[in-house]
Amino acid sequence: MSQEAWNAVDAFIGGHLLEDDAVLADALKANAAAGLPAIDVSAAHGKMLYLLARMKGAARILEVGTLGGYSTIWLARAVPEGGSVVSLEIDPKHAEVARGNIERAGLSGKVDIRVGAALESLEAMQQRGEAPFDFVFIDADKENNASYVKAALALARPGTAIIVDNVVREGRVADPAETGSMIEGTRRLYEMISAEPRLSATAVQTVGSKGWDGFLLAIVE
Ligand code: SAH
Ligand code: DHB
Ligand code: MG
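Quick caveat: nothing in here was measured; it's all calculated off a predicted structure.

Q: Any chance you could explain the site of ligand 1 here in plain terms?
A: Neighbouring ligand 1 are 21 residues, the closest being Ser71, Glu89, His94, Ala118 and Asp139. Between ligand 1 and Ile90, the relevant distance is 3.2 Å, taken from a nitrogen atom to a main-chain nitrogen or oxygen of the residue. Protein chains bury 90% of the 580 Å² of accessible surface belonging to ligand 1 in isolation. When atoms are counted within 2 Å of each cavity's grid points, the one that captures over half of ligand 1 is the largest pocket. Classifying every residue of the shell around ligand 1 gives ten nonpolar, five polar and six charged.

Q: Help me understand the coordination of the magnesium ion (ligand 3), please; the structure alone is not making it clear to me.
A: Metal coordination angles in their ideal form are 109.5 degrees for the four-donor tetrahedron and 90 or 180 degrees for the six-donor octahedron. Surrounding the magnesium ion (ligand 3) are the protein donor atoms Asp139 (OD), Asp165 (OD) and Asn166 (OD1), which sit 2.0 to 2.1 Å from the metal. Read in sequence order, the donor residues coordinating the magnesium ion (ligand 3) give the pattern D-x25-D-N. Of the two residues, Asp165 and Asn166, neither departs from the other in class, the shared state being buried.

Q: Could you clarify how one ought to interpret the layout of surface pockets in this entry?
A: Take a probe with the size of a water molecule and roll it over the atoms, and the empty space left behind shows itself. Roughly 760 Å³ of internal volume is contained in the largest pocket. Forming the walls of the largest pocket are 43 residues, and the residues nearest its centre are Ile39, Asp139, Ala140, Lys142 and Asn166. Counting residues per element, the lining of the largest pocket draws most heavily on strand E7 (residues 213–220), at three residues. Tallied by class, residues from the lining of the largest pocket come to 16 nonpolar, 15 polar and twelve charged. Forming the boundary of the second largest pocket are 20 residues, of which Gly14, Leu18, Glu19, Ala43 and Tyr70 lie nearest the centre. Of all the secondary-structure elements, those providing two or more residues to the lining of the second largest pocket are helix H1 (3–17), helix H2 (22–33), helix H3 (43–56) and helix H4 (70–78). Here the residues of the lining of the second largest pocket sort into ten nonpolar, four polar and six charged.

Q: In this structure, what is going on with the side chain of Thr160? I would like to understand it.
A: Relative to the helices and strands, Thr160 is located in the loop between helix H7 (145–154) and strand E5 (161–165). Within the local environment of Thr160, its side chain forms a polar contact with the backbone oxygen of Phe133, the two atoms lying 2.7 Å apart. Setting aside anything within four residues of it in sequence, one finds Thr160 in contact with Lys56, Phe133, Asp134, Phe135, Val136, Ala218, Ile219 and Val220.

Q: Just checking my understanding: could you explain the packing of H2 against helix H5 (residues 92–104) for this structure?
A: When two helices pack together, their arrangement is captured by the angle between the axes and the distance separating the axes. As a packed pair, H2 and H5 sit with axes 10 Å apart at the nearest point and diverge in direction by 160°. It follows from the interaxial angle that H2 and H5 lie roughly antiparallel. Regarding H2 and H5, the two cross each other, and that crossing is right-handed. Two secondary-structure elements touch here, H2 through Val23, Asp26, Ala27, Ala30 and Asn31 and H5 through Val97, Asn101 and Arg104. Here the contact of H2 with H5 is composed, by residue class, of four nonpolar, two polar and two charged.

Q: Before we go on, may I ask you to explain the site of ligand 2 in this structure?
A: The full set of residues close to ligand 2 is Ile39, Asp139, Lys142, Asp165, Asn166, Arg169 and Met182. Within the contact set of ligand 2, an oxygen atom lies 3.0 Å away from a side-chain nitrogen or oxygen of Lys142. Between an oxygen atom of ligand 2 and a side-chain N or O atom of Asp165, the distance comes to 3.4 Å. When ligand 2 sits alone it has 300 Å² of accessible area, and the protein chains cover 70% of it.

Q: Explanation requested: unusual backbone geometry in the structure shown.
A: Even without a glycine there, the phi angle at Arg169 is positive, about 50°. Within the secondary structure, Arg169 is located in the loop between E5 and helix H8 (181–194). The phi dihedral of Glu170 falls on the positive side, at around 55°, and the residue is not glycine. Mapped onto the elements of the fold, Glu170 is located in the loop between E5 and H8.

Cut-offs applied
- Residue positions within a chain follow its written sequence, with the count starting from 1.
- As a convention, the first chain written is A and the first ligand written is 1, with the rest following in written order.
- Local features in a predicted model are, by the rule used here, given only for residues with pLDDT of at least 70; side-chain atom pairs are given and counted only at 80 or more, and totals for whole chains, interfaces and linings are based on all residues.
- Each side-chain value is derived from all of the structure's non-hydrogen atoms; neither hydrogens nor water enter the calculation.
- The near set for a molecule or strand comprises every residue that places at least one heavy atom within 4 Å of it.
- N or O atoms within 3.5 Å of each other form a polar contact, as long as, within protein, one can give a hydrogen and the other can take it, and as long as residues adjacent in sequence are counted only when both atoms are side-chain atoms.
- Accessible areas in this description were obtained via Shrake-Rupley with a 1.4 Å probe; residue shielding takes into account the shown protein chains only.
- The rule is simple: put a 1 Å grid over the protein atoms alone, call a set of points where a 1.4 Å probe fits but cannot get out a cavity, call an open set with protein on both sides within 12 Å along at least five of seven lines a pocket, and count a residue as lining if it has an atom within 4 Å of a point.
- For this analysis, a molecule is said to be in a pocket or cavity if more than half of its atoms are within 2 Å of the grid points defining it.
- Ten residues, namely Ala, Val, Leu, Ile, Met, Phe, Trp, Tyr, Cys and Pro, are considered nonpolar, four, namely Asp, Glu, Lys and Arg, are considered charged, and the remaining ones, Gly among them, are considered polar.
- Only nitrogen, oxygen and sulfur atoms qualify as donors, provided they sit within 2.8 Å of the metal or within 3.2 Å for Na, K and Ca; with water excluded from the atoms, sites may seem incomplete.
- Relative accessibility under 20% of the residue-type maximum defines a buried residue, over 50% an exposed one, and the middle range a partly exposed one, all with a 1.4 Å probe and only protein chains included.
- Grid points are joined across faces, edges and corners, and a volume is the space filled by probe spheres set on the points.
- Strands are runs of DSSP state E lasting at least two residues, helices are runs of H or I lasting at least four, and both sets are numbered from the N terminus onward.
- By definition in these notes, contact holds between two residues if any of their heavy atoms fall within 4.5 Å.
- Inter-axis angles, ranging from 0 to 180 degrees, are taken between N-to-C directions of lines fitted to C-alpha atoms, where helices are fitted over the stretch in contact.
- The cut-offs work like this: below 35 degrees is roughly parallel, past 145 is roughly antiparallel, 65 to 115 is roughly perpendicular, and the gaps in between are oblique.
- The crossing is said to be left-handed when, going from far helix to near helix, the turn is anticlockwise and less than a right angle, and right-handed when the turn is clockwise.

Given below as structure tokens:
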């Protein structure tokens, strides 16, 4: 287990399979200049989200946790003409930086960033009877992950894909000695999903430039 080796392999993968991408590089620069934390998905994982959304043929995508819009840009690139990404973000400054990045990416017409606590935005969306989403990416405060999946289910249809980031956290999720609120929120996510017959799920551990972590993948039955 070494971060240097994981970085080297991510560089190898990127060198072969990812294009030089000035738009995404500029987004990360703008995030850093604005003081946003560098907790965006990696390039390899951003492209994985893009590929999963394309494999799903997703036209309507929901994201919980925008930050500077790095993952949002990958997702918005995956949706066809007329498709959209609704991304929920609590911090108005993050949302403002993200809007700039998405504008420069030429994707403003496809992205709707909604500022507010995601649970409240999701509740309002259910009340309004918004159309179901094809693909959901959850990557905000880990304490609320189980609630986000429940809300996503209410905005889903059979076949909707749900992806949750950061579900391994350097293995802490499986270490009973670890008790932080983020880890406990992540464990509640697994418990909620294991008790939910409408979801079929797995989780995939990852290593790379963002360390040892993982994604949970679920499909609505
Ligand atoms: N998906 C982004 C990273 C998101 S980081 C990417 O990969 O590029 C997590 C984001 O969730 C932060 O911007 C944080 O402000 C936001 N967040 C935290 N709590 C939230 C809440 N209750 N509602 C909505 N967003 C929240
Ligand atoms: C954190 C959040 C993330 O979404 C992430 O990818 C990495 C770290 C965090 O809050 O520490
Ligand atoms: Mg994350």
